Amino acid sequence: MQCTSPASFPDDLVGLQADWLRTYRELARLSASAGHTGLRRRLIGLSCAIAVHPYWSRPVRAAGGPAELRRAARSRAWARVA
């Protein structure tokens, strides 16, 4: 678990959130007749991993909460594409 600065999220936590966002988008693209069970289970597993991550037990979280984590995951995904 690495933090790049005191005001950032750990890389592994951002990676989990990015995987969650990717999985959610994939689930949303599936047709109604497609099997969703595997993706739903993956979302549940990722949600649990994000929720119990040691970052959330730190006394001071300078980077903020879940909304900021989603923003960080989205911005890193855009940076990887560029």
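Here goes a summary of the coordinates provided. Remember, predicted model here, so these are calculated numbers, not experimental data.

1. Structural notes on helix H2 (residues 37-51)
Quick reminder: α-helices carry 3.6 residues per turn. Residues three or four places apart thus point the same way. In this model H2 runs 21 Å from its N-terminal to its C-terminal C-alpha over 15 residues, within 8% of the 21 Å that 1.5 Å per residue would give. Listed as buried for H2 are Leu39, Leu43, Leu46 and Ile50. One face of H2 carries all of its buried residues, which in axial projection span an arc of 70°. Turned more than 90 degrees off the buried face of H2, the exposed positions are Gly38, Arg41, Ile44 and Ala51.

2. Digging into the nonpolar core
Formed by Phe9, Leu13, Val14, Ala18, Leu21, Ile50, Tyr55, Trp56, Leu69, Ala72 and Ala73, the largest nonpolar core amounts to 11 residues. When contributions to this core are tallied by element, the ones reaching two or more residues are helix H1 (11-29) and helix H3 (66-81). The element contributing the most residues to this core is H1, with four residues. With residues near it in sequence (within four places) discarded, Val14 still touches Phe9, Leu69, Ala72, Ala73 and Arg76.

3. As for the packing of aromatic side chains
Here a ring pair, both rings aromatic, is described through the centre-centre distance and the interplanar angle of the planes. Counted under the stated rule, the structure contains four aromatic pairs. Relative to Tyr55, the ring of Phe9 lies with its centre 5.0 Å away and its plane at 55°, an arrangement referred to as tilted. Note that Phe9 is positioned in the segment before H1 and Tyr55 in the loop between H2 and H3, a separation of 46 residues in sequence. By relative accessible area, Tyr55 is classed as buried at 1%. Aromatic side chains Tyr55 and Trp56 sit 5.0 Å apart centroid to centroid with 80° between the ring planes, which places their arrangement in the edge-to-face category. Grouping residues by exposure puts Tyr55 and Trp56 together as buried. Among the aromatic residues, ring-to-ring pairing joins Phe9, Tyr55 and Trp56 into one connected group.

4. Here we look at the side chain of Gln17
Its location among the elements puts Gln17 in helix H1. If near-sequence neighbours (up to four positions away) are discounted, Gln17 is found in contact with Ile50, Leu69, Arg70 and Ala73.

5. Here we look at H1
Compared with the 27 Å implied by 1.5 Å per residue over 19 residues, the 27 Å span of H1 between its first and last C-alpha is a close match. Of the positions making up H1, those classed as buried are Leu13, Val14, Gln17, Ala18, Leu21, Thr23 and Leu27.

6. A look at the pattern of salt bridges
Under the counting rule described, the total for this entry stands at three salt bridges. Among the salt bridges present, the one from Arg22 reaches Asp19, with a minimum N-O distance of 2.1 Å. Here the residue Arg22 and the residue Asp19 both occupy positions in helix H1, the gap between them amounting to three residues, near one helical turn. Look at Arg22 and you get partly exposed, because its relative accessible area is 37%. Classification of Asp19 by relative accessible area gives partly exposed; the value is 22%.

The rules behind these values
- Residues numbered from 1 in each chain as written.
- Predicted model: local features only at pLDDT ≥ 70, side-chain atom pairs only at ≥ 80, totals over all residues.
- Heavy atoms only, no water.
- Helix = DSSP H or I, 4+ residues; strand = E, 2+ residues; numbered from the N terminus.
- Expected span 1.5 Å × (residues − 1).
- Buried < 20%, exposed > 50% of the residue type's maximum accessible area, 1.4 Å probe, protein only.
- Arc of directions from axis to C-beta.
- Core = buried A, V, L, I, M, F, W, Y, C linked by side-chain atoms within 4.5 Å.
- Contact = heavy atoms within 4.5 Å.
- Phe/Tyr/Trp six-rings, centres within 6.5 Å; stacked < 30°, edge-to-face > 60°.
- Salt bridge = Lys/Arg side-chain N within 4 Å of Asp/Glu carboxyl O.

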